[in-house]
2 protein chains.
Amino acid sequence: MPTVTLKDVAKVAGVSYATVSRAISGSPEISEETRRRILKLCKEMGYTPNSVARSMVKRHTEIMGLIVPSLNNPFMSELTAHLEIYARTRGYNLMVCNSSYDYDLEKEVFSLLVGRQVDGIIMIPVGHESYEPLNALTSQVPTVFISENMKDYPENYVSVDNHRGMQIATEYLYSLGHRSILYFGARSDSKTHQLRLDGYLSTCEKLSIEPHVLRSSYTRSSREVGYAMGGEYFSRPHQETAILCAADMLAIGVMQAAFEAGVRIPKDVSLMGFDNISFSALPQIDLTTVNQPFQQMAIASVDMLLDRIKNPRSEHAKLILPPSLIVRKSCRALGK
Amino acid sequence: MPTVTLKDVAKVAGVSYATVSRAISGSPEISEETRRRILKLCKEMGYTPNSVARSMVKRHTEIMGLIVPSLNNPFMSELTAHLEIYARTRGYNLMVCNSSYDYDLEKEVFSLLVGRQVDGIIMIPVGHESYEPLNALTSQVPTVFISENMKDYPENYVSVDNHRGMQIATEYLYSLGHRSILYFGARSDSKTHQLRLDGYLSTCEKLSIEPHVLRSSYTRSSREVGYAMGGEYFSRPHQETAILCAADMLAIGVMQAAFEAGVRIPKDVSLMGFDNISFSALPQIDLTTVNQPFQQMAIASVDMLLDRIKNPRSEHAKLILPPSLIVRKSCRALGK
DNA sequence: TACAATAACGGAAACGTTTACAATAACGCT
DNA sequence: AGCGTTATTGTAAACGTTTCCGTTATTGTA
């Protein structure tokens, strides 16, 4: 409890505390002999540098803020794990905040984090129509988004190629013989979902098949939403042979609704997701989906942020990672 | 980028910066008039208090450290979410670290966090035989564990009553007519798993049925481990009518193995888990299990930590929350 | 009117570091 | 011997707050 400081060490070492500081910081302007002596003393006295004091003078904290809408969603938590682990290898700790899918809360925690003097912020934004209101915030501290961003407000972000991903998915379904494909999406106020929808729509056009879109009034792609949408859909007459969901969680909810409605997957209807969260690999779920390269995204995000911290005045950066198809058992080929 | 400080505000307000400080901190020794004037000015100038500087003089950071073995496990991530949200309502931010189930890494990040001057640490420990090696660490900063702790080294912790939970589970299976119950557990070097096993064992004895225990050589209760254990089990002759798993993730893995081995749940064998992670409610899984009250545990943990921060010299505290039975569809009653 | 009490504010120290600058010592060179 | 270098160390300022203490102005009281 009685924390030992630089001064304490200096006192018993009989040197000035600048010397002690130099010993620990690995400064060259100190003799090897005294360095060893002091380092040994530090160990003995149980000295740990106070990084708050250090941050005070160095003007940076070596802390990154992370804002996520939720941690219950495996997509977020898996990403968070990668983020934290990689950031730590680069000497940064993560201060994590839930925005709970709340737009105001998101802004609030953002400000909170800049007050905390984080060196930068990584943010998985809740769905926004526009990023404009965030600009006042992001000008305060280097920020990178994980997810697409509005074109009219270029910012730094890394993302999977959502448009391409849905194209891949749609084409896959088409190649299986499906001509009537229903798209299940959340409300499109998020750029991510807009791009996914566009990917589907444009591919339909290219393939000359008619698009069918069902969009939830909710903005979140949760299991509950998928369950509700699926329930309603299956309770009415329907003729689509495949359902393409904007997110795995949605698909898992749909699967649940299908199960309860007695429609079998993939026998009666094929089902695809997007994200490739770990649970979609469960044999009971076994969802064919589009992969997001989580770890790559995490690494790219912190690298990008690091870059912007070093070089805040640089051009806005973006990195769009390629998605890939993960074939499992939730889709079947249509006999003619 | 040119951050505005107290002094800047003071300068344009024409007061000393002590006055500005008083205005924001809500000190009584300032006139309402100047306070309003200064607060308005702060808004205009976009001043945000530097909490690093504040921490420097106040000697606390209002930051809690959180150490978890993993975030991929829904048990951890759900808990983490609750922890963060509740801590924030109490004015604390969370610095999250993965120990990656690595004993040495756990100690390393612990030290890292105390260097960061966190006011306290909440820790979900990787399984330990003994907490003794941690004592050197926990003496440095108030710590509360989530999970049972060694009896010989009393520490602060909150936990679900693991013993009682397994007792409930075993009795439930018994009440369904099962007399031959297999216990699937991870290697027992964690107190949690020890207590769960004991709960099973003692209940077997009470009920006069013979216990059957299969323990993994791995310490983690992951889906992969459950899958491997289940695969091996189902590939040999077996006669147990029910399998009781030490954790939901384990059970989900077993379920996968059962599926592939052609054994149907609950028709051929009943299956129970422990934890009640959100995914166990999926209709495709629908696992009967024992509930851990996540939110209660989260709230209790930060309250307990807050308490110890205020009062470091107090008695060690512990809180054991009652588990409850969650009946779903993975167990069936045995006809005689 | 004089004086004590109080309200409002300013000055300055302190928190534990880093670092620019100054100081000293040791050394090599001419 | 004197001087410039260099290596090593010390001194002190700075980072942005909070807070103790002192000062001034204002008010109330006798």
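Now for a look at the structure at hand. Being a predicted model, the structure only gives us computed values, none of them experimental.

Rules used in this analysis
Residues numbered from 1 in each chain as written. Chains lettered and ligands numbered in written order. Predicted model: local features only at pLDDT ≥ 70, side-chain atom pairs only at ≥ 80, totals over all residues. Heavy atoms only, no water. Helix = DSSP H or I, 4+ residues; strand = E, 2+ residues; numbered from the N terminus. Rg over C-alpha atoms; globule rule 2.2 N^0.38 Å. Buried < 20%, exposed > 50% of the residue type's maximum accessible area, 1.4 Å probe, protein only. Contact = heavy atoms within 4.5 Å. Areas by Shrake-Rupley, 256 points an atom, 1.4 Å probe, with all protein chains shown as cover. Lys, Arg positive; Asp, Glu negative; His and termini not counted. Charge placed at Lys NZ, Arg CZ, Asp CG, Glu CD. Buried area = accessible area lost by both parts, 1.4 Å probe. Salt bridge = Lys/Arg side-chain N within 4 Å of Asp/Glu carboxyl O. Polar contact = N/O pair within 3.5 Å; in protein donor to acceptor, adjacent residues only side chain to side chain. Nonpolar A, V, L, I, M, F, W, Y, C, P; charged D, E, K, R; others polar. Pairing = 2+ DSSP bridges. 1 Å grid on protein atoms, 1.4 Å probe; cavity = no way out; pocket = protein on both sides within 12 Å on 5 of 7 lines; lining within 4 Å. Points joined across faces, edges and corners; volume = space filled by probe spheres on them. Domains from an automatic or database assignment. Near = heavy atom within 4 Å. Axes fitted to C-alpha atoms, helices over the stretch in contact; angles between N-to-C directions. Parallel < 35°, antiparallel > 145°, perpendicular 65-115°, else oblique. Left-handed = near helix turned anticlockwise from the far one by under 90°.

Below, the discussion takes up the overall build of chain A. Broken down by element type, chain A carries 12 helices and 12 strands. Over its C-alpha atoms chain A spans a radius of gyration of 25 Å, topping by over 25% the 20 Å that the globule rule assigns to 336 residues. Projected onto the principal axes, the alpha-carbon positions of chain A cover approximately 90 × 40 × 30 Å. A buried classification covers 56% of the 336 residues belonging to chain A. When contacts within chain A are restricted to residue pairs at least 6 apart in sequence, long-range pairs at least 24 apart make up 68% of them. As presented, chain A carries roughly 14600 Å² of accessible surface, and 52% of it is formed by carbon and sulfur atoms. Of the side chains in chain A, 36 bear a positive and 35 a negative charge, and the two mean positions are spaced by 6 Å.

A few words now on the interface of chain B and chain A. Each partner contributes residues to the interface: chain B has 54 residues there, and chain A has 55 residues. Carbon and sulfur atoms supply 60% of the area buried between chain B and chain A, which totals about 4700 Å² over both sides. For the pair chain B and chain A, the number of links is 0 salt bridges. Counting across the interface, chain B meets chain A through 14 residue pairs in polar contact (both at pLDDT 80 or more). Contributing elements (two or more residues each) for the side of chain B that touches chain A: α4 (51-58), α5 (74-89), β2 (93-98), α6 (103-115) and α11 (248-261) of chain B. Here the element with the most residues in the side of chain B that touches chain A is α5 of chain B; it accounts for 8 residues. Here the side of chain B that touches chain A is composed, by residue class, of 27 nonpolar, 19 polar and 8 charged. Across 3 bridges, strand β2 (residues 93-98) of chain A lies against β2 of chain B in antiparallel orientation. If you follow Leu94 of chain A over to β2 of chain B, its bridge partner there is Val96 of chain B.

Under the defined criterion, the tally for this structure stands at 4 cavities of 30 Å³ or more. Phe75, Met76, Ser190, Thr192 and His193 of chain B are, among the 29 residues lining the largest cavity, the residues nearest its centre. Counting only elements with at least two residues in the lining of the largest cavity, the list comes to α5, β5 (157-160) and α9 (191-207) of chain B. If you tally residues by element for the lining of the largest cavity, the top one is α9 of chain B, at 4 residues. Looking at the lining of the largest cavity, its residues break down into 13 nonpolar, 12 polar and 4 charged. Taken together, domain 2 (59-160 + 293-321) and domain 3 (162-292) of chain B each give at least three residues to the lining of the largest cavity, which thus spans both. What the second largest cavity holds in volume is close to 150 Å³. Along the walls of the second largest cavity sit 14 residues, with Val52 and Ile63 of chain A together with Val52, Thr61 and Ile63 of chain B positioned nearest its centre. Along the lines of polarity and charge, the residues of the lining of the second largest cavity split into 6 nonpolar, 6 polar and 2 charged.

The next thing to look at is the environment of Ala81 of chain B. With respect to the helices and strands, the residue Ala81 of chain B is situated in helix α5. For Ala81 of chain B, a relative accessible area of 6% translates into the label buried. Distance from Ala81 of chain B to Gln295 of chain B, taken between C-alpha atoms, is 9.0 Å for residues 214 residues apart in sequence. If sequence neighbours within four positions are ignored, Ala81 of chain B has contacts with Leu71, Asn72 and Asn98 of chain A.

Per the counting criterion, the structure on display carries 21 salt bridges over all chains. Of the charged contacts in the structure, one is a salt bridge between Glu32 of chain B and Arg36 of chain B, with a shortest N-O distance of 3.9 Å. Pair noted here: Glu32 of chain B and Arg36 of chain B are both in helix α3 (residues 32-45), with a separation of 4 residues, about one helical turn. Of the charged contacts in the structure, one is a salt bridge between Asp275 of chain B and Arg196 of chain B, with a shortest N-O distance of 3.4 Å. Of the two residues, Asp275 of chain B is situated in the loop between β9 (270-272) and β10 (289-291) and Arg196 of chain B in helix α9; the sequence distance between them amounts to 79 residues. With relative accessibility at 4%, the residue Arg196 of chain B sits in the buried group. One network of salt bridges, in which partners are shared, links Glu32, Arg35 and Arg36 of chain A.

What follows deals with the protein's contact with DNA strand C. Within the structure, DNA strand C sits among 26 residues, and Leu6 and Ser21 of chain A together with Thr19, Arg22 and Thr34 of chain B are positioned closest to it. Of what DNA strand C places within 4 Å of the protein, 61% of the atoms are sugar or phosphate. Within the contact set of DNA strand C, a phosphate oxygen lies 3.0 Å away from a side-chain nitrogen or oxygen of Tyr47 of chain A. Of all elements in the fold, only α2 (17-25) and α4 (51-58) of chain A together with α2 (17-25) and α4 of chain B reach the threshold of two or more residues within the surface near DNA strand C. Per-element tally for the surface near DNA strand C: the top contributor is α4 of chain A, with 5 residues.

In any sheet, the strands associate via hydrogen bonds between backbone groups, in a parallel or an antiparallel arrangement. Residue and element names in this part refer to chain A. Taken together, the 4 strands give an open sheet; going across it, the order is β7-β6-β8-β9, and neighbouring strands pair in parallel fashion. Across the chains shown, the open sheet's two edge strands, defined by having one partner strand only, are β7 (212-215) and β9 (270-272). The mean inter-strand angle of the sheet, taken between neighbouring strand axes irrespective of direction, is 20°. As judged from the 4 bridges shared by strand β6 (residues 181-185) and β7, these two strands associate in the parallel manner. Across the sheet, the residue bridging to Leu182 is His212, located in β7. In the packing of helix α8 (residues 162-175) onto the sheet, the strands contacted are β6, β8 (242-245) and β9, and the crossing angle to β8 comes to about 170°.

Looking now at the packing of helix α1 (residues 6-13) of chain B against α3 of chain B. All names here are of chain B. Packing of α1 against α3 leaves a shortest axis separation of 10 Å and a crossing angle of 120°. One finds that α1 runs oblique with respect to α3. The two elements α1 and α3 meet at a crossing, and its hand is right-handed. Of the residues in α3, those touching α1 at Asp8, Val9, Val12 and Ala13 are Arg37, Ile38, Leu41, Cys42 and Met45. Counted by class, the contact of α1 with α3 contains 7 nonpolar, no polar and 2 charged residues.

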